[in-house]
Amino acid sequence: MNYHSHTNSNLTARFGDALLASLAPDGGLWMPDKIPHFTEEQTAEMGAMSFADCAAILARHFVDDRFSDEDLLELCREAYDFPVPMVALNGIVLDVATPEIADEYMLELFHGPTLAFKDFAARFMGRAASHLMSAENDKRTILVATSGDTGGAIGDAFLDQDGIQVFILFPKGGVSKVQEQQLCTMGTEHSNVKAISVDGTFDDCQRLVKEGFGNERLTKKYSLMSANSINVGRVIPQSFYYFWTSLQIKAAHPGKPIVYSIPSGNLGNLTGGLIAKQMGAPIMRFVVGNNTNDPFVDYLKSGEYRPRPSVPTLSNAMDIGRPNNFPRILDLYDNNYDAVGDVCWGASFSDEETERHLRSIHREHKYVMCPHTAVGHLAMEAFSSDIEDEFIKVTVATAHPAKFINSVERIIREDVPMPAPLQKIMNKTKRFHVMEPSLEALENYLELNTA
Ligand SMILES: *Cc1c(COP(=O)(O)O)cnc(C)c1O
């Protein structure tokens, strides 16, 4: 598969080069030249495989010949060694052998090592990058801006990898306590993963990373690479779980339309879903939930795209005023507003509405959602109240509620158990550097801290 810049289709690259370069030379986002399409017969076969094996087959169509089929199978089996359950609100897990247990599921994408869906993309990308680099004896410096979960997932995926240094930029005071603990306790003092607390918002962090990449001297000197969802290597693997889970639902609920709701910020997760649909995944529609930072929902309603400064909310990983992947979504639908509107429907919610919903779902079902997931679930409820036909609802649960334990416990007025991977890090000493939001400060820090 070849990739082209979304702003100039004459600029092309193989998958590996697009991944390592992060952005096209004109600053555009890499897009696959052609999304593969699978027939119903093929999808039925792929749905019967394990998730990892299905992912390896999908990946074959997106990578280049530096990856053999065996490489991909090994990579996906190693990366995806955790479950991908679809859970009814009563706690029963969907199993194709016991169909039709509910008409609504939570797709829990938080059973990876850092307890957020970002692990799916980070673990694929980390292994793919290291496979490419080991062949070339290469060195890279990864700059990653995080609104909370990306940094943890990328740090975990690249920890102790030869030839790679990772700098995680997070907004000071803008991530949850547990997220901050996770970001600032990776590895030892001499670890290749370093956390930087930027005195600003997530948009500042994202801007700094973009400025770094826009600076040719810095890009060359440090061989900079982005692990944010501007990198196509982050977006492609996020199509895998939509593809595979929609086939599980289809097998359990033959003939019923399927709708996914995605709590969204930078729109990388939604872009993955849209790619899955174009590949032939049986998904009728995507519902998009935004918090009050809602430029995408605003676009769906008005046809106008108005990026804006972000404001802090309870669902901090979605506090994004200028979503990175908006141009990719337009590109997938040839810049046709009506075509985007046919597949996407959106609604946005305040923190107050989110809290009330999280509390009432807990009261009614004993199911605890993270604040982001609650926004997605609210959006699904708003969507379904308009629709009379029967369909299967799947809300994407993007993070484990314990990652936001302080807010969630306050809202539901009950303790939330800490899963073991989080318990382990809570007492570790944090290591991080505080920095003003300027490229000069970033450059100074890189100068002192790169090997
Ligand atoms: C990153 C994140 C989101 C938003 O995903 P995008 O791909 O940026 O739209 C939602 N929820 C959680 C918990 C996240 O970490």
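Residues numbered from 1 in each chain as written. Predicted model: local features only at pLDDT ≥ 70, side-chain atom pairs only at ≥ 80, totals over all residues. Heavy atoms only, no water.

A.B. asks: For the overall build of the chain, give the residues involved together with the corresponding values.
C.D. replies: The helix and strand tally for the chain stands at 20 helices and 14 strands. Relative to its length of 451 residues, the chain is compact, with a C-alpha radius of gyration of 21 Å against a globular reference of 22 Å. Along the first, second and third principal axes, the C-alpha set of the chain runs to 60 × 50 × 40 Å. Burial status across the chain gives 61% buried among its 451 residues. Residue pairs in contact within the chain that sit at least 24 positions apart in sequence constitute 76% of those at least 6 positions apart. Only carbon and sulfur atoms are counted for the fraction: they give 48% of the accessible area of the chain, which is about 17,600 Å². Charged side chains of the chain number 40 positive and 59 negative; the gap between the two group centres comes to 5 Å. (Helix = DSSP H or I, 4+ residues; strand = E, 2+ residues; numbered from the N terminus. Rg over C-alpha atoms; globule rule 2.2 N^0.38 Å. Buried < 20%, exposed > 50% of the residue type's maximum accessible area, 1.4 Å probe, protein only. Contact = heavy atoms within 4.5 Å. Areas by Shrake-Rupley, 256 points an atom, 1.4 Å probe, with all protein chains shown as cover. Lys, Arg positive; Asp, Glu negative; His and termini not counted. Charge placed at Lys NZ, Arg CZ, Asp CG, Glu CD.)

A.B. asks: Give me the lowdown on helix 13 (residues 295-302), citing residues and values where you can.
C.D. replies: Counting buried positions over the eight residues of helix 13 gives six, a clear majority of the element. What helix 13 keeps buried is the set Pro295, Phe296, Val297, Asp298, Tyr299 and Leu300. On the buried face of helix 13, the contacting elements are helix 12 (268-278), strand 11 (285-290), helix 14 (326-332), helix 15 (337-343) and strand 12 (344-348). A positive phi of about 80° marks glycine 303, the residue just after helix 13.

A.B. asks: Give a description of the pairing of strand 10 (residues 258-263) that names residues and reports values.
C.D. replies: The buried fraction of strand 10 is high, at six of six residues. Here four bridges tie strand 10 to strand 13 (residues 392-397), and the two strands are oriented parallel to one another. In the strand pairing of strand 13, isoleucine 258 is matched with isoleucine 392. Examined bridge by bridge, strand 10 and strand 11 share five bridges and lie parallel to one another. Following the sheet pairing, isoleucine 262 is matched in strand 11 by valine 288. (Pairing = 2+ DSSP bridges.)

A.B. asks: A description of the sheet that holds strand 1 (residues 2-5) should follow, citing residues and the corresponding values.
C.D. replies: Read across the open sheet, the three strands follow the order 2-1-3; overall the sheet is antiparallel. Of all the strands in the sheet, the pair left with one neighbour each is strand 2 (8-14) and strand 3 (30-32). Across this sheet, the average inter-strand angle for adjacent strands is 40°, counted without regard to direction. Of the pairings in the sheet, the one linking strand 1 to strand 3 comprises three bridges and is antiparallel in character. Paired with histidine 4 across the two strands is methionine 31, which belongs to strand 3. (Axes fitted to C-alpha atoms, helices over the stretch in contact; angles between N-to-C directions.)

A.B. asks: How would you sum up the environment of lysine 301? Please name residues and give values.
C.D. replies: For lysine 301, the location among the structural elements is in helix 13. Between the C-alpha atom of lysine 301 and that of histidine 400, which follows or precedes it by 99 residues, the distance is 30 Å. Contact partners of lysine 301, with chain neighbours within four places excluded, come to Tyr337, Gly346 and Ala347.

A.B. asks: Pulling in residues and values, what's your account of the nonpolar core?
C.D. replies: Judged by nonpolar contacts, the single largest core of 100 residues is most densely connected at Tyr80, Phe124, Phe243, Leu270 and Phe296. No fewer than three residues from each of domain 1 (85-111 + 233-417) and domain 2 (133-228 + 419-451) sit in this core. Not counting residues within four places of it along the chain, the set of residues in contact with phenylalanine 243 comprises Phe38, Thr43, Met46, Cys54, Leu58, Ala276, Met279, Gly280 and Ala281. Residues Ala397, Ala402, Val416 and Leu422 belong to the second largest nonpolar core, which totals 25 residues. (Core = buried A, V, L, I, M, F, W, Y, C linked by side-chain atoms within 4.5 Å. Domains from an automatic or database assignment.)

A.B. asks: For the sheet that holds strand 9 (residues 224-226), give the residues involved together with the corresponding values.
C.D. replies: Pairing is parallel across the open sheet formed by five strands, whose spatial order is 9-6-7-8-14. The sheet terminates laterally at strand 9 and strand 14 (433-435), the two strands that pair on one side only. Averaged over all neighbouring strand pairs, the angle between strand axes comes to 30°, with direction disregarded. Set on the sheet, helix 8 (residues 202-214) makes contact with strand 6 (140-145), strand 7 (164-171), strand 8 (193-198), strand 9 and strand 14; between it and strand 6 the angle comes to about 150°.

A.B. asks: Explain the domain arrangement of the chain to me, using residue names and the numbers behind them.
C.D. replies: Accessible area lost when the parts come together is the quantity often used to give the size of an interface. Each assigned domain of the chain is listed here: domain 1 (85-111 + 233-417) and domain 2 (133-228 + 419-451). Taken together, the 20 residues of domain 1 in the interface contact 21 residues of domain 2. The three residues of domain 1 that bury the most area against domain 2 are Arg234, Asn316 and Lys403, which together make up 41% of that side's buried surface. Summed over the shared surface of domain 1 and domain 2, the result is one salt bridge. A salt bridge links lysine 403 to aspartate 149; the shortest N-O distance between them is 2.6 Å. Linking domain 1 to domain 2 there are 11 residue pairs in polar contact (both at pLDDT 80 or more). Split into classes, the residues belonging to the side of domain 1 that touches domain 2 amount to eight nonpolar, seven polar and five charged. (Buried area = accessible area lost by both parts, 1.4 Å probe. Salt bridge = Lys/Arg side-chain N within 4 Å of Asp/Glu carboxyl O. Polar contact = N/O pair within 3.5 Å; in protein donor to acceptor, adjacent residues only side chain to side chain. Nonpolar A, V, L, I, M, F, W, Y, C, P; charged D, E, K, R; others polar.)

A.B. asks: Can you break down helix 3 (residues 51-60) residue by residue, with the values?
C.D. replies: Of all the 10 residues making up helix 3, eight are buried; the element is thus mostly covered by neighbouring parts of the structure. When we look at burial in helix 3, the residues that qualify are Phe51, Ala52, Asp53, Cys54, Ala55, Ala56, Leu58 and Ala59.

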